[in-house]
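Examining the three-dimensional arrangement
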Amino acid sequence: MPKEHPKAKLIKRSNIVISTWSHGIKANEEAWKVLSDGGKSIDAVEAGVKVTEADITNRSVGIGGRPDREGHVTLDACIMDENSKCGSVACIEGIKHPISVARAVMERTPHVMLVGEGARDFAIEQGFEKYKTPIKEVKKDWKEWKKENKELLKKPRINHENHDTIGMLALDEFGNISGSCTTSGWAYKMHGRVGDSPIIGAGLFVDNEVGGACATGMGEAIIRIAGSHTVVELMRQGKSPQDACRLAVERIISKHDDVTGLQCGFIAMDVFGRVGSYSVYSGFNYALQKEDGKNLMV
Ligand code: GLY
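Every chain is numbered on its own, with residues counted from 1 as its sequence reads. Under the rules for a predicted model, residues below a pLDDT of 70 receive no local features and side-chain atom pairs below 80 are neither given nor counted, while totals for whole chains, interfaces and linings still include all residues. In computing side-chain values, all of the structure's heavy atoms are included and hydrogens and water are not.

What to know about the nonpolar core
Our working rule: Working definition of a nonpolar core: buried Ala, Val, Leu, Ile, Met, Phe, Trp, Tyr and Cys residues. They are joined through side-chain atoms within 4.5 Å. With a 1.4 Å probe rolled over the protein chains alone, any residue whose accessible area is under 20% of its type maximum counts as buried; one over 50% counts as exposed, and the rest are partly exposed. Here, residues are in contact when the closest pair of their heavy atoms is within 4.5 Å.
Among the nonpolar cores identified, the biggest contains 45 residues, and Leu169, Leu204, Val231, Ile252, Leu262, Cys264 and Phe266 are the most heavily contacted of them. Residues contacting Val231, with those up to four places away along its chain left out, are Ala213, Ala244, Cys245, Ala248, Phe266 and Ala268.

With respect to the pattern of salt bridges
Opposite charge on two side chains lets them pair, provided their charged atoms get close. Selection criterion: For this analysis, a salt bridge means a side-chain nitrogen from Lys or Arg found within 4 Å of a carboxyl oxygen belonging to Asp or Glu. A run of H or I in DSSP becomes a helix once it reaches four residues, and a run of E becomes a strand once it reaches two; helices and strands are each numbered from the N terminus.
For the coordinates displayed, the defined rule picks out 13 salt bridges. A salt bridge links Glu29 to Lys294; the nearest nitrogen and oxygen atoms lie 2.7 Å apart. In this pair, Glu29 sits in helix H1 (residues 24–36) while Lys294 sits in strand E12 (residues 293–297), placing the two residues 265 residues apart along the sequence. The exposure class of Glu29 is partly exposed, given its relative accessible area of 32%. A residue is classified by how much of its surface remains accessible, and Lys294, at 45% relative accessible area, is partly exposed. The salt bridge partner of Arg103 is Glu107, with a shortest N-O separation of 2.9 Å. Placement of both Arg103 and Glu107 in helix H3 (residues 98–108) is noted, with a separation of 4 residues, approximately one turn of the helix. Looking at Glu107, the relative accessible area reads 47%, which means it is partly exposed. By sharing partners, the salt bridges in this structure join Asp43, Glu46, Arg103 and Glu107 into a single network.

The quantities given are spatial measurements derived from coordinates; they are silent on function.
What follows is the structure in structure tokens.
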């Protein structure tokens, strides 16, 4: 039986799931099955984002994701539970569910983060499913991209293509919050590049005393302000999830002379079940599922 939240009498005890972007709707449905069966938030956030990781039509998360400029699809993911336990993998290749490997790092190793070949070796040793990437359509697009971007291959520079992580937060009926975050990262990034998504405190942060937050968008900017941790700390100071997300975005803006093309956004949920989101530019949406229904929020 899961442990009850230490402030169980004060906080919200009801199932709620939020996740970034419209792909979150399907992911939330899977997470909801876990919660409505009386399951724990940590199981819900893993099951939920696995839907997106397995969707081969998704070009920014999981096995259908775009590769780096050398043609490698390198995946990043992290997970955090109500006891502030966390696990993460970065730059892992050819594994179907990086989020489950991140959870295994959390539960079966003394570490928090494994990267690259070490992460892949660990995943294989633990029996996680392999998957050959890039998939055919993605490889074709990459080859065309290479032809059109010969100069970029000789002298790498930042090229911002749209990318959209899935970050998810779930509150369960025990009053506990967990979160997950997974991405294939920035399309045609430099080989070895890691964004915010597998970095605890940047792409995801949960403190069960306060709430949780997830980030999406340009990871470099999110890491610079330890974005998700900042959102949670602002909620700790009494800000609503919405205001906390807005203040974190304003901090990102204040650290850049020019935010042209720099899209970042946060979603957050506190222990009272209040949710919020904010992004540098409009166009960011998130999926919300509660006892009274589900919605795509803008
Ligand atoms: N936010 C995802 C990334 O920058 O890789």
